[in-house]
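Spelled out from the first residue to the last, the chains are:
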Amino acid sequence: MMIDKLEGFEMILDTLTVAKELHDIDRYDIVQTQFFDTLCLDAFYENMLGVIASVFTGFHNDYEDDEEYEIMIFTDDVISKYYCLAWEYGWSHNVSHNENPYVIEAKREANRWLGYCFSIGYKLLGYTRTKKTAMQSKLVVYSAPCECCSFDSLAYSLLQLYQFFARKCEEHRERVTKVRDAALENPAITDAREGVMAA
Amino acid sequence: MLQVCVKQLLSAIQSAEAFTLPEMDTGTAYLYNNLYGKLAQGEDVGLSNLDMTAFDTDDIASLKELYTEVFEANSHAASGLTMTLRHMNPICKIVNYV
């Protein structure tokens, strides 16, 4: 086999990494709808922009000509549900917003995945005052052109953040289901209820 | 002036150890054969041609490392040698034509 330098091979591998991540989190639909099928250097940026625009359900972007930076706003059920969990925790444990472990953990994850480059700024607008405001939580990302920050890094980071919110919501759902199933199966609770009914 | 004995050069090339691929795990080998191998032969590779369950992201990183440290490095070395030989001036010598 001839061994040769391939132009753009590393970017092709970066594209494949993102596609593989999407496959592993059951979001391969994004690859099927947003990616060019042929792996090549020319399709790299289009593919990554497709991921950035699709990983969260709601995406709105704007470009500031004067300052030359892009603002991207992401909304999704996973973000809203996460902050609803945060609101519920804060309300039931009488914990302030800044001391809420859900809020703290989300901030830490956002910093981990988006705090890697000086030309990327972000604001995780998570609300916990009421359930209604929690549903309006969103992620805002600012991006300025920079040689050291590539679109594939941003796409990958957004994927990881999406997975974080989705995983936490799923873990909570599983916990609630377990507790409910245990309560239904617990004979002590059933006997107590029957005793109450008989009296 | 740099001079090269073609006979000696050929002899050195023939006696040099053949290139052998480093050991790869299954996933990396899959990508080497189905992605790198085909692209190196000038074929197009589509995402739909690849089995996403046959490798993981660590395998992609392994292939990237292999490409950078071995293939690309070898390619640079070969290109350098080619350029050196290409730019060497021929030596005029009287030889018997027949």
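Parameters at a glance
Residues numbered from 1 in each chain as written. Chains lettered and ligands numbered in written order. Predicted model: local features only at pLDDT ≥ 70, side-chain atom pairs only at ≥ 80, totals over all residues. Heavy atoms only, no water. pLDDT = per-residue confidence, 0-100. Helix = DSSP H or I, 4+ residues; strand = E, 2+ residues; numbered from the N terminus. Contact = heavy atoms within 4.5 Å. Core = buried A, V, L, I, M, F, W, Y, C linked by side-chain atoms within 4.5 Å. Buried < 20%, exposed > 50% of the residue type's maximum accessible area, 1.4 Å probe, protein only. Disulfide = S-S within 2.5 Å. Lys, Arg positive; Asp, Glu negative; His and termini not counted. Salt bridge = Lys/Arg side-chain N within 4 Å of Asp/Glu carboxyl O. Polar contact = N/O pair within 3.5 Å; in protein donor to acceptor, adjacent residues only side chain to side chain. Axes fitted to C-alpha atoms, helices over the stretch in contact; angles between N-to-C directions. Left-handed = near helix turned anticlockwise from the far one by under 90°.

Trainee: If you had to explain the confidence of the model for chain A to someone new, which residues and values would you point to?
Mentor: Residues and elements named next belong to chain A. Of the residues in chain A, 89% reach a pLDDT of 70 or more, and the chain-wide mean stands at 86. Per-element averaging of pLDDT across chain A places helix α8 (residues 187-198) at the bottom with 46 and helix α5 (residues 101-114) at the top with 95. Throughout residues 190-199 the model reports pLDDT below 50, and contacts reaching past four residues in sequence, or to other chains, amount to 1 contact.

Trainee: Run through the nonpolar core, naming residues and quoting values.
Mentor: Grouped together as the largest cluster of nonpolar side chains are 67 residues, with contacts concentrated most on A:Y83, A:L139 and A:F165. Among the elements that line this core, the one with the most residues is helix α7 (residues 151-185) of chain A, at 9 residues.

Trainee: For the state of the cysteines, give the residues involved together with the corresponding values.
Mentor: Residue and element names in this part refer to chain A. Inspection of the entire model under this criterion finds 0 disulfides over all chains. C84 forms no disulfide, and the closest cysteine sulfur to it belongs to C169, at a distance of 8.8 Å. You can call C84 buried: its relative accessible area is 10%. Note on C169: relative accessible area 13%, which makes it buried.

Trainee: An account of the side chain of A:D76 is needed here, citing residue identities and associated values.
Mentor: Residues and elements named next belong to chain A. For D76, the position within the fold is in the loop between β2 (69-75) and α4 (77-93). An unpaired buried charge is present at D76: no salt bridge exists, and R27, the closest side chain of opposite charge, is 5.4 Å distant. At a separation of 3.0 Å, a polar atom in the side chain of D76 contacts the main-chain amide nitrogen of V78. Aside from chain neighbours lying at most four places away, what touches D76 is V55, F56, T57 and Y162.

Trainee: Before we move on, can you summarise the packing of helix α2 (residues 26-40) of chain B against helix α3 (residues 57-86) of chain B with the specific residues and values?
Mentor: Residue and element names in this part refer to chain B. Two elements in contact, α2 and α3, have axes whose closest approach is 9 Å; the angle formed by their N-to-C orientations is 65°. The two elements α2 and α3 meet at a crossing, and its hand is right-handed. The segment α2 lies against α3, with G27, T28, L31, Y32 and Y36 engaging D59, I60, S62, L63, Y67 and F71.

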